[in-house]
Amino acid sequence: MTLPTISVEVMFDNIAPSGVAKTNSFNGGTAGVTISTGNSGGTSGSAFNVITGSPQYTTTQAFGGSGLAAFNPSSGVDCHMDWTGVTQVGDTFCLRLYMYLVSATTNIQRVAVVQGPGGVVSAVWMTSGRILRVYLGFSISIAAALTTPVPTGQWVRVELRYKIDPSGNGTAEVWRYDDPNSAIASDYAISSTQAWPSGKPGMAEFHLQRDAGGYWFLDNVAVADSRIGPVQGTWTNVTLAGKRGISTRRGSNRVVSPVIRYEAGTATCYVNNTDRRFDPTALDGPYATGVRSKVTAMKPLRIRATWNAVTYDVFRGFVDLWDVDHVANVYSEVTVIASDGFKVLANRKRAPVAAVGAGELSGARVNRILDSAGWPAADRVIATGNSTLQATTLEGPALTELQDVAESEIGELYIDASGRVVFRNRQAVILESRSNTVQATFGAGATFTPARAKLVTDDVTFYNEIRATRTGGSEQVAGDVASQAEFLVKTYEASNLLLVDDTAVAGYASWILYVSKEPEVRFDTIEIHAHADPAVLMPIVLGREIGDRIRIIRQPSGGGDPIQRDVFIRGISHQTTGATWITTWNLQSATKYGSFLVLNNSTLGRLNENALGF
């Protein structure tokens, strides 16, 4: 039996490292144009002070698969781009460069040069055997050398750190990362303490030499007074501890109301910390700058699962806790707990502004709130909405206002598996295919058989009197006399709705009454042991999302007709180990949602048979 490959990734460099004096991505240039001091700044970053030769911008190779890089189009001509007068604090001078070696050069070639007040302090050369060497001075002697060759045909990250005191004494270190996003070096070397010529470094040259044998592309160069790490915004795969697995939860824990308010999603995983890489006090570790640990709260974290060559998002959020546990000084493990974007939006408290947005639809309001909270436009999926809303002053916690909008709409607001804010309008459960058409069937005679589907009847979603009030409006009441006579009166109250008039509030109350006026026999959870039949079940448990409609068929143990219900997925949990994968979905009955009037629909478009929607 094979289970999906799980990857847990953390974005340790979600903000630019402190101490970075200069950086350049080349992305502000134009492909085929010669790089100059005048066009090398702007959106590329820090403009170079000196450029020798005629390096060009190119899209042939660029780190990350998009943007631009730099290369030397002319064999036998040395090109280099320099930053002069770099002011550094303390005795540390660091460089970073990304290089894509097309093929090995015939001769030894310069990769980088560091200069001080008196000239060259050190030069980094690459041999014809693709070995990086750090030299004392321009080429006085080898101070440090890596032992393995730079791979060809891929991007690698190279970092250098010089620690040279005012008297000129110190060390040089060099790292090469064949996985350029990794914090784990593929090769490393450090020099002994040397008397470096020309004083403390203050200038960096990035070279693009080329000969008949080969050449390389260059990208994302930087200088700093501490180790720089990967490009900002890159994901680092962390090593899970043994077979502890992961657990994630998103959406609603249990449906207890006809209007669902989703909770913040959470994730828990365990990482191996035997070498202290996740210890926030280990300032010399791979996730530290030498003066500050990157192992902190609020680092972006994502969990993905790859099955049958398809990668599925499972969870994306932000780290809440790194809980370090040492066992008898021989083993260490860290429990990592994260929450999704709802935590960020709940923490974002906003000062009031002049009232805006009167008469706008609920989807526009959601976007307005997200804009006010600084939530990225790329991380949202927002429907237009069905309800028109009153003005807002955009004050208080952003999440609270977003949830108030969703409640006024009777819509859905949640964070999906890829970390995006999703807002679905009220009529999405009626009109969208993933909610009005069964996406998977489980149970007797079906393809997919769950380990357990829990059948209940209770009063948690049952209300036969609805009292709803908008801000500044009159209370609107909807009730069902027959239901009240049989089941007594149970009242659902909604106040301070954002709707613009009482007619809309009356429609709101009628909608809720229609879907909740009778106690239901329903399946409220389904637990699926996907490891029992991964070929069939894995694409199902990984591919379904909140709001999807599924069907459950249960054959009673005492005989009789099968029990069949359609339900919506309202919460998704995954629990994995090295040998098991259990997915639990929390459910909402879909019985009433299949009977609203939908024009031009052969089943739902029948007057006097389908209830009017709101």
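In the block above lies the structure referred to throughout.
I will try to describe carefully the structure that is included in this document. (Residues numbered from 1 in each chain as written. Predicted model: local features only at pLDDT ≥ 70, side-chain atom pairs only at ≥ 80, totals over all residues. Heavy atoms only, no water.)

1. Points about the overall build of the chain
Move 1: Regarding its fold elements, the chain presents 8 helices and 37 strands.
Move 2: Its C-alpha atoms give the chain principal-axis dimensions of roughly 100 × 60 × 45 Å.
Move 3: For the chain, the proportion of its 614 residues judged to be buried stands at 53%.
Move 4: The long-range share in the chain, meaning contacts at least 24 apart out of those at least 6 apart in sequence, stands at 67%.
Move 5: In the form shown here, the chain has an accessible surface area of approximately 24,700 Å², with 49% of it arising from carbon and sulfur atoms. (Helix = DSSP H or I, 4+ residues; strand = E, 2+ residues; numbered from the N terminus. Buried < 20%, exposed > 50% of the residue type's maximum accessible area, 1.4 Å probe, protein only. Contact = heavy atoms within 4.5 Å. Areas by Shrake-Rupley, 256 points an atom, 1.4 Å probe, with all protein chains shown as cover.)

2. Thoughts on the packing of helix H2 (residues 362-372) against helix H3 (residues 398-409)
Move 1: Between H2 and H3, the shortest axis-to-axis distance is 10 Å and the interhelical angle comes to 175°. Classified by the angle their axes make, H2 and H3 are roughly antiparallel. On H3, the residues touching Ser-362, Arg-365, Val-366, Ile-369 and Leu-370 of H2 are Ala-398, Glu-401, Leu-402, Val-405 and Glu-409.
Move 2: Taken together, the residues that form the contact of H2 with H3 break down as 6 nonpolar, 1 polar and 3 charged. (Axes fitted to C-alpha atoms, helices over the stretch in contact; angles between N-to-C directions. Parallel < 35°, antiparallel > 145°, perpendicular 65-115°, else oblique. Nonpolar A, V, L, I, M, F, W, Y, C, P; charged D, E, K, R; others polar.)

3. Section: the pattern of salt bridges
Move 1: Tallying each qualifying case throughout the model produces 36 salt bridges.
Move 2: One salt bridge in this structure joins Asp-371 and Arg-380, with 2.9 Å as the shortest N-O distance.
Move 3: Using a relative accessible area of 13% as the deciding quantity, one classes Arg-380 as buried.
Move 4: Of the charged contacts, one joins Glu-527 and Arg-452 as a salt bridge, the two residues approaching to 3.9 Å between their closest N and O atoms. Taken together, the residues span a long stretch of sequence, with Glu-527 in strand S34 (residues 521-529) and Arg-452 in strand S30 (residues 452-457) at a distance of 75 residues.
Move 5: For Glu-527, a relative accessible area of 23% corresponds to the partly exposed category.
Move 6: Sharing partners across several salt bridges, the network here consists of Arg-254, Lys-454, Asp-458, Arg-522 and Asp-524. (Salt bridge = Lys/Arg side-chain N within 4 Å of Asp/Glu carboxyl O.)

4. Thoughts on empty space enclosed by the protein
Move 1: Across all of its chains, the model carries 3 cavities of 30 Å³ or more by this definition.
Move 2: Here the largest cavity defines a volume of roughly 130 Å³.
Move 3: If you trace the largest cavity, you find 14 residues lining it, with Pro-258, Ile-410, Gly-411, Arg-570 and Tyr-593 closest to the centre.
Move 4: When its residues are assigned to classes, the lining of the largest cavity shows 8 nonpolar, 3 polar and 3 charged.
Move 5: Empty space within the second largest cavity amounts to approximately 110 Å³.
Move 6: Forming the boundary of the second largest cavity are 13 residues, of which Thr-461, Val-515, Glu-520, Gln-588 and Ser-589 lie nearest the centre.
Move 7: Sorting the residues of the lining of the second largest cavity by element identifies helix H7 (502-516) and strand S37 (581-589) as the ones contributing at least two each.
Move 8: In terms of residue count, S37 provides more of the lining of the second largest cavity than any other element does, 3 residues in total.
Move 9: Its residues placed into classes, the lining of the second largest cavity shows 5 nonpolar, 5 polar and 3 charged. (1 Å grid on protein atoms, 1.4 Å probe; cavity = no way out; pocket = protein on both sides within 12 Å on 5 of 7 lines; lining within 4 Å. Points joined across faces, edges and corners; volume = space filled by probe spheres on them.)

5. A short note on H3
Move 1: With 12 residues, H3 extends 17 Å between its outermost C-alpha atoms, agreeing within 8% with the 16 Å of an ideal straight helix rising 1.5 Å per residue.
Move 2: When you tally the buried positions in H3, you get 10 out of 12 residues, the bulk of the element.
Move 3: Immediately beyond the C-terminal end of H3, within one or two residues, lies Ile-410, with a positive phi of roughly 55°. (Expected span 1.5 Å × (residues − 1).)

The analysis is restricted to geometry; functional conclusions fall outside its scope.
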